[in-house]
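Observations on the three-dimensional arrangement
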Amino acid sequence: MRIIAGKHRGRALAQFAGKNVRPTADRVKESLFQILSARLVGARVLDLFCGSGALGLESLSRGAAEAVFNDRSKESLALLKKNLSALGETGTVCNFDYKLCLARAEGTFDLIFCDPPYAEDCFKEILALVSSRGLLREGGLVVYESERELPEAEGWTKADERKYGRTRITLWRMN
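Residues numbered from 1 in each chain as written. Predicted model: local features only at pLDDT ≥ 70, side-chain atom pairs only at ≥ 80, totals over all residues. Heavy atoms only, no water.

**Some details on the overall build of the chain**
Heads up, the condition is: Secondary structure elements are defined from DSSP: runs of H or I of at least 4 residues count as helices, runs of E of at least 2 residues count as strands, and each element is numbered from the N terminus. Using C-alpha atoms as the atom set, the radius of gyration is obtained and then compared with a globule rule of 2.2 Å times the number of residues to the power 0.38. Contacts are assigned to residue pairs with any non-hydrogen atoms lying within 4.5 Å of each other. Each accessible area value is a Shrake-Rupley result obtained with a 1.4 Å probe; residue values ignore everything except the protein chains displayed when judging cover. This count recognises Lys and Arg as positive and Asp and Glu as negative, with His and chain-terminal groups excluded. In plain terms, the charge of a residue is placed at NZ if it is Lys, CZ if Arg, CG if Asp and CD if Glu.
Looking only at helices and strands, the chain features five helices and seven strands. Of the regular secondary structure in the chain, the N- to C-terminal order runs α-β-α-β-α-β-α-β-α-β-β-β. The C-alpha atoms of the chain give a radius of gyration of 15 Å, which matches the 16 Å a tight globule of 175 residues would have. With respect to the three principal axes, the spread of C-alpha positions in the chain is 40 × 35 × 30 Å. Of the contacts formed within the chain by residues at least 6 apart in sequence, a portion of 63% connects residues at least 24 apart. Working note: accessible area of the chain is about 8,400 Å², and carbon and sulfur atoms make up 47% of it. Side chains of the chain give 27 positive and 23 negative charges; the mean places of these two sets differ by 4 Å.

**Topic: the environment of Trp156**
Short version of the rule: To sort residues, take the accessible area from a 1.4 Å probe on protein chains only and compare it with the maximum for the residue type: under 20% means buried, over 50% means exposed, and anything in between is partly exposed. Whenever a nitrogen or oxygen atom comes within 3.5 Å of another N or O atom, the pair is scored as a polar contact, on the condition that within protein one atom can donate a hydrogen and the other can accept it, and that pairs from neighbouring residues in sequence are kept only if both atoms are in side chains.
Of note, Trp156 is situated in strand β6 (residues 156-164). Judged by its relative accessible area of 5%, Trp156 is buried. Placed 63 residues apart in sequence, Trp156 and Val93 show a C-alpha to C-alpha distance of 28 Å. Residues within four places of Trp156 in sequence aside, it is in contact with Leu127, Val130, Ser131, Leu136, Val142, Trp172, Arg173, Met174 and Asn175. At 3.5 Å, the side chain of Trp156 and the backbone oxygen of Leu127 are in polar contact.

**Re the sheet that holds strand β3 (residues 92-94)**
Inclusion rule: Strand pairing follows a simple DSSP-based rule, namely that at least 2 bridges must link the two strands. To define axes, lines are fitted to C-alpha atoms, for helices over the stretch in contact only, and angles between the resulting N-to-C directions are given on a 0 to 180 degree scale.
The strand order across the open sheet built from seven strands is β3-β2-β1-β4-β5-β7-β6, with neighbouring strands paired in mixed fashion. On the outer flanks of this sheet lie β3 and β6, each paired with one strand and no other. Direction aside, neighbouring strands of the sheet carry axes that sit 15° apart on average. Two elements, strand β2 (residues 66-70) and β3, share three bridges in a ladder whose sense is parallel. Pairing of Asn70 across the sheet is with Cys94, part of β3. On top of the sheet, helix α5 (residues 123-133) reaches β4 (109-114), β5 (136-146), β6 and β7 (167-174); it is set at about 165° to β5, its chief contact.

**With respect to the packing of helix α1 (residues 26-40) against helix α2 (residues 54-61)**
Geometry of a packed helix pair, given as the angle between the helix axes and the separation of the axes. Formally: Here roughly perpendicular refers to angles of 65 to 115 degrees, roughly parallel to angles under 35, roughly antiparallel to angles over 145, and oblique to all remaining angles. Should the near helix be turned anticlockwise from the far one by less than a right angle, the crossing is left-handed, and should it be turned clockwise, the crossing is right-handed.
Taken N-terminus to C-terminus, the directions of α1 and α2 make an angle of 45°; their axes are 11 Å apart at the nearest point. When the axes of α1 and α2 are compared, the pair comes out oblique. Handedness of the α1/α2 crossing: right-handed. For the pair α1 and α2, the contacting residues are Lys29, Leu32, Phe33 and Leu40 in the first and Ala54, Leu55, Glu58 and Ser59 in the second.

**Things to note about the pairing of strand β1 (residues 44-47)**
Keep this limit in mind: Here is how to tell: hold the view so the strands point away, follow the path from the first strand over the helix to the second, and if it runs clockwise the crossover is right-handed.
Side chains Arg44 and Leu46 project from β1 onto one buried face, and the interleaved Val45 and Asp47 project onto a second face that is buried too. As judged from the four bridges shared by β1 and β2, these two strands associate in the parallel manner. Across the sheet, the residue bridging to Val45 is Ala67, located in β2. Read from β1 through α2 to β2, the crossover connection turns out right-handed. Inspection of the sheet shows β1 paired to β4 by three bridges, in the parallel sense. Residue pairing in the sheet places Val45 in a bridge with Leu111 of β4.

**Describing the nonpolar core**
Quick note on the threshold: Joining through side-chain atoms within 4.5 Å is the link that ties buried Ala, Val, Leu, Ile, Met, Phe, Trp, Tyr and Cys residues into a set, and such a set is a nonpolar core.
Ranked by size, the top nonpolar core spans 29 residues in total, and within it Leu32, Leu36, Leu57, Phe69, Leu111, Phe113 and Val143 carry the most contacts. Elements with a minimum of two residues in this core: α1, α2, β2, α3 (74-87), β4, β5 and β7. When residues of this core are assigned to their parent elements, the largest contribution, five residues, is made by α1. Other than its neighbours up to four places away in sequence, Leu32 contacts Leu55, Phe113, Val143, Tyr164, Ile169 and Leu171.

Dropping the structure here:
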């Protein structure tokens with residue numbers, strides 16, 4: 001796992017050992033960030049299920065102004081902090097479940113990355129919380145990674161959807 005582009009291009013990230021985690025593959029990340037490239041400079045991003053922080057760190061490398069990282073796992077946050085330090089980056093680090101993070105989040109975001117465990121069916125709840133709290137700036141996107149096609153969500157439009165093997169990335173825009 002590495003940073004694909006930007007000021008930290010090619011830098012390796014510390015990653016989890018074992019098979020119980022599913023980091024976003026470099027080829028998926030590269031394609032996603034090509035789609036998002038025009039939105040990144042100066043952006044404020046939330047990496048809601050951050051794991052090692054790969055999506056938020058890629059955003060910072062490509063010019064995002066600020067990243068908020070959240071994960072309920074202390075092991076994930078330890079790995080994230082190691083990666084932040086290795087890159088010389090800073091970010092706000094939160095140790096909450098996704099509901100509490102969204103309930104406590106301050107300000108608005110240009111991009112909200114959601115890469116929950118595939119077995120966790122929480123996308124409609126996440127979109128409802130983002131909408132009710134007004135967490136997305138005008139023109140912002142929720143980037144949701146899953147292994148299946150997601151149904152329509154009230155008040156939201158699928159701005160884009162791509163499939164990469166087992167992984168599906170859906171970009172959601174508020175109506």
